[in-house]
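# Architecture at a glance
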Amino acid sequence: LDSTLIFFSDTSMCLNQNDFTFQNRTGIPGTSLWTFGDGNSANGDTVQHSYLNAGMYNVRFEIVDTAGCYDEFDDSVEVVPQPNNFFSGLSPYYCQGDPLVSLMPNLSGGQFEGDQVSASNFNPVQLGLNRISYIYQEGNCRDTSTQSVWVMPIPVFDLGVDTSICTGTSLDLSIAQDSSTFLWSNSNGT
């Protein structure tokens, strides 16, 4: 068999959602049998198979042509354990211009990508929804952990000009009400 005509969609995949495609492209008419190294097999020129466990698996392709001639091809695939990839340090909301935020990955050796990310820091300067991803690769298994964060504008308000009042009198202060919440203080802890 010409091994260049035996096609594997990949030689290594992550355990989660692994789905290998194996294809006989020789054009030889006959019966094709694939054994996947995990006790399962399938007939056909193009077959798909998913593995339940991580590990190395020997895949064998056997063909018997219409004249009864037999040939085989052996190769292997690897199913890599899914990395426990995540990162912490990010809050769901920031005000525009807040200090840099240090991001801490669970697994070292990966790379941060996304909106306003440099090295392992998020800079909350871009208003709206920001997406940050940590990409970690173990063997041929590439895993991406993504989080979203909102950067909100700093509220702008005006209390008017400074005012002096006499003891025993009061002054009503107000600001335009929007969706913000307010906390008023008279500087004496109340």
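Going by the structure above, here's the rest.
A brief look at the structure comes next. (Residues numbered from 1 in each chain as written. Predicted model: local features only at pLDDT ≥ 70, side-chain atom pairs only at ≥ 80, totals over all residues. Heavy atoms only, no water.)

A few words on the overall build of the protein. Broken down by element type, the protein carries zero helices and 17 strands. Against the globule reference of 16 Å for 190 residues, the protein gives a C-alpha radius of gyration of 31 Å, more extended than a compact globule. Considering the protein as a whole, with its 190 residues, one finds that 26% of them fall into the buried category. Taking as baseline every contact in the protein between residues at least 6 positions apart, the subset at least 24 positions apart corresponds to 48%. Entry remark: accessible area of the protein is about 12,300 Å², with carbon and sulfur atoms responsible for 49%. Put simply, the protein has 4 plus and 21 minus side-chain charges, and the middle of one group is 8 Å from the middle of the other. (Helix = DSSP H or I, 4+ residues; strand = E, 2+ residues; numbered from the N terminus. Rg over C-alpha atoms; globule rule 2.2 N^0.38 Å. Buried < 20%, exposed > 50% of the residue type's maximum accessible area, 1.4 Å probe, protein only. Contact = heavy atoms within 4.5 Å. Areas by Shrake-Rupley, 256 points an atom, 1.4 Å probe, with all protein chains shown as cover. Lys, Arg positive; Asp, Glu negative; His and termini not counted. Charge placed at Lys NZ, Arg CZ, Asp CG, Glu CD.)

So, on to the environment of Ser102. Examined against the element boundaries, Ser102 turns out to sit in strand 11 (residues 101-102). With relative accessibility at 47%, the residue Ser102 sits in the partly exposed group. Each C-alpha atom of the pair Ser102 and Ser133 lies 14 Å from the other, and the pair is 31 residues apart in sequence. Looking at Ser102, its side chain comes within polar contact range of the side chain of Asn121, at 3.5 Å. (Polar contact = N/O pair within 3.5 Å; in protein donor to acceptor, adjacent residues only side chain to side chain.)

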